[in-house]
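Residue-level structure breakdown
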Amino acid sequence: VWFRDRLPCATVRVAALDPQFLDKLPTDLLSKVITSRHIISCIERQELEKIIQSSNLGARLSFSTLMYTARNLRLSQISLKMAISFLTKQVSRSTPRLFFN
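Reading guide: rules and limits
- Residues numbered from 1 in each chain as written.
- Predicted model: local features only at pLDDT ≥ 70, side-chain atom pairs only at ≥ 80, totals over all residues.
- Heavy atoms only, no water.
- Helix = DSSP H or I, 4+ residues; strand = E, 2+ residues; numbered from the N terminus.
- Rg over C-alpha atoms; globule rule 2.2 N^0.38 Å.
- Buried < 20%, exposed > 50% of the residue type's maximum accessible area, 1.4 Å probe, protein only.
- Polar contact = N/O pair within 3.5 Å; in protein donor to acceptor, adjacent residues only side chain to side chain.
- 1 Å grid on protein atoms, 1.4 Å probe; cavity = no way out; pocket = protein on both sides within 12 Å on 5 of 7 lines; lining within 4 Å.
- Points joined across faces, edges and corners; volume = space filled by probe spheres on them.
- Nonpolar A, V, L, I, M, F, W, Y, C, P; charged D, E, K, R; others polar.
- Core = buried A, V, L, I, M, F, W, Y, C linked by side-chain atoms within 4.5 Å.
- Contact = heavy atoms within 4.5 Å.
- Disulfide = S-S within 2.5 Å.

1. Side note on the overall build of the protein
- The secondary structure content of the protein amounts to 9 helices and 0 strands.
- Mapped from its N terminus to its C terminus, the protein presents α and β elements in the order α-α-α-α-α-α-α-α-α.
- By the compact-globule yardstick of 13 Å for 101 residues, the protein fits well, its C-alpha radius of gyration being 13 Å.
- If you line up the protein on its principal axes, its C-alpha atoms span 35 × 30 × 25 Å.

Given below as structure tokens:
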């Protein structure tokens, strides 16, 4: 937690530019990264839209993890396009487990 909360936003933004970066993370680490308020707050809306469009987060994470992440977004990070993509591309693929593992 200490490391994730002190990771510079510039580093997070560079990593977010690579759409396959999240695919390289093990699922347990992905869950920790994607639910970190600090890390999510560093990613700009346009980059989040690309991640939601191109990644396969829903197939790797539980529904509750996806919803926890969505709840941590700033209002300025949310767009109608992203919300629709989130529902159609991620939630529909989410694992049948409702709660954290």
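2. A few points about the environment of Ser64
- Within the element layout of this structure, Ser64 appears in helix α8 (residues 63-71).
- Ser64 gets classed as buried once you look at its relative accessible area, which sits at 15%.
- A distance of 3.2 Å separates a polar atom in the side chain of Ser64 from a polar atom in the side chain of Ser62.

3. Let's talk about the layout of surface pockets
- Reported here for the largest pocket is a volume of approximately 620 Å³.
- Looking at the largest pocket, it is lined by 33 residues, and the ones nearest its centre are Val33, Ile34, Ile39, Ile40 and Ile43.
- Residue assignment for the lining of the largest pocket shows that the elements contributing at least two residues are α1 (2-6), α2 (9-16), α3 (21-24), α4 (27-34), α5 (37-42), α6 (45-54), α8 and α9 (80-90).
- Top contributing element to the lining of the largest pocket by residue count: α9, with 5 residues.
- Its residues placed into classes, the lining of the largest pocket shows 28 nonpolar, 3 polar and 2 charged.

4. Concerning the nonpolar core
- Judged by nonpolar contacts, the single largest core of 22 residues is most densely connected at Val12, Leu22, Leu30, Ile43, Ile51, Leu57 and Leu61.
- Secondary-structure elements contributing two or more residues to this core are α2, α4, α5, α6 and α9.
- With near-sequence residues (within four places) excluded, Leu22 lies in contact with Leu30, Ile51, Leu57 and Arg60.

5. Quick word on the state of the cysteines
- The tally for this structure, following the rule as stated, stands at 1 disulfide.
- Residue pairing for Cys9: its cysteine sulfur links by disulfide to Cys42, the two sulfurs lying 2.0 Å apart. Looking down the S-S bond of the Cys9 and Cys42 bridge, the torsion is -55°, so its handedness is left-handed. In this pair, Cys9 sits in helix α2 while Cys42 sits in helix α5, placing the two residues 33 residues apart along the sequence.
- We classify Cys9 as partly exposed; its relative accessible area is 25%.
- Taking relative accessible area as the criterion, Cys42 reaches 0% and is therefore assigned buried.

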